[in-house]
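Topology and contacts: notes
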2 protein chains.
Amino acid sequence: MKYTAVVRIWPREGVLDPAGLAVCESLRRLGFAAAEVRLGKALRLTLDAEDEARARAAVAEACRRLLANPVLEAWEIDELVSLARSG
Amino acid sequence: MKYTAVVRIWPREGVLDPAGLAVCESLRRLGFAAAEVRLGKALRLTLDAEDEARARAAVAEACRRLLANPVLEAWEIDELVSLARSG
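Keep in mind that this is a model prediction, so the values were computed, not measured. (Residues numbered from 1 in each chain as written. Chains lettered and ligands numbered in written order. Predicted model: local features only at pLDDT ≥ 70, side-chain atom pairs only at ≥ 80, totals over all residues. Heavy atoms only, no water.)

1. Describing the overall build of chain A
Rule in force here: Elements are defined by DSSP. Helices are runs of H or I of four residues or more, strands are runs of E of two residues or more, and each kind is numbered from the N terminus. A simple rule labels every residue: compare its accessible area, found with a 1.4 Å probe on the protein chains alone, to the largest value its type can have, and call it buried under 20%, exposed over 50%, or partly exposed in between. Only the protein chains shown count as covering a residue, and every accessible area follows the Shrake-Rupley method with a 1.4 Å probe. Here Asp and Glu are counted as negative and Lys and Arg as positive; His is not counted, and neither are the chain ends. One atom stands in for each charge, and that atom is NZ of Lys, CZ of Arg, CG of Asp or CD of Glu.
Secondary structure assignment for chain A yields two helices and three strands. Along the first, second and third principal axes, the C-alpha set of chain A runs to 50 × 35 × 15 Å. By residue count, 40% of the 87 residues in chain A fall in the buried class. Approximately 4,900 Å² of chain A is accessible, and the part contributed by carbon and sulfur atoms is 53%. Separation of charge centres in chain A, based on 13 positive and 13 negative side chains, amounts to 3 Å.

2. A closer look at the packing of helix α1 (residues 18-29) of chain A against helix α2 (residues 52-67) of chain B
Note the threshold: Axis lines are fitted to C-alpha atoms, over the contacting stretch for helices. Their N-to-C directions set the angle, which ranges from 0 to 180 degrees. Our angle categories are set so that under 35 degrees counts as roughly parallel, over 145 as roughly antiparallel, 65 to 115 as roughly perpendicular, and the remainder as oblique. Any two residues whose heavy atoms approach within 4.5 Å at even a single point are treated as in contact. Under the convention adopted here, Pro, Cys and the residues Ala, Val, Leu, Ile, Met, Phe, Trp and Tyr are nonpolar, Asp, Glu, Lys and Arg are charged, and Gly plus all remaining residues are polar.
Axis separation between α1 of chain A and α2 of chain B bottoms out at 11 Å; the angle between their running directions is 105°. Compared by their axis directions, α1 of chain A and α2 of chain B come out roughly perpendicular. Of the residues in α2 of chain B, those touching α1 of chain A at V23, S26 and L27 of chain A are A62, L66 and L67 of chain B. Here the residues of the contact of α1 of chain A with α2 of chain B sort into five nonpolar, one polar and no charged.

3. Overview of the sheet that holds strand β1 (residues 2-11) of chain B
Rules: A pair of strands is labelled paired if DSSP reports no fewer than 2 bridges between them.
Pairing in this open sheet of six strands is antiparallel, and the strands run β3(A)-β1(A)-β2(A)-β2(B)-β1(B)-β3(B) from one edge to the other. Edge positions in the sheet fall to β3 (73-82) of chain A together with β3 (73-82) of chain B, since each has one partner strand and no second. The average undirected angle you get between the axes of adjacent strands in this sheet is 25°. Both strand β1 (residues 2-11) of chain A and β3 of chain A contribute to a ladder of nine bridges, which runs antiparallel. Following the sheet pairing, P11 of chain A is matched in β3 of chain A by E73 of chain A. Packing against the sheet, helix α1 (residues 18-29) of chain B makes contact with β2 (34-48) of chain A together with β2 (34-48) of chain B, and its axis sits at approximately 125° to β2 of chain B. Here α2 of chain B sits on the sheet in contact with β1, β2 and β3 of chain B, set at roughly 150° to β3 of chain B.

Encoded structure:
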């Protein structure tokens, strides 16, 4: 079955995030009351798996092995839905 | 009051996403059954606003004016929570 997962990858707490700081500064210059911005990545993965548990395990392994740098980044699975065909 | 919003910004449907394709190809080489990967951005914004409706409006305006390229990217507000102090 096909599953779609959304993964978010963030710079860890305490890790400098210069891109986020630049966005925050730009927002302030435009008049927004921005206090802090952290800039991460979002990935939408579509993958084949037998069931939801295996899909979740595969996504977690992909984060650990490829998608996130564990020293600098934390990842989280934000959504996981099956693309089962209806009808 | 302070609010924290998470915004996701995606390449629009039909827009070529070479970074997502490269990630998909790497996942396949590692043995994952990845069918498609789209690579976007995730931003966590902390901002001051009087209430939740104004916070949401400010985040949407920030997406339109600065954060997303409307030709190539679609944005969505994924979370919006107030950081009210308890106690």
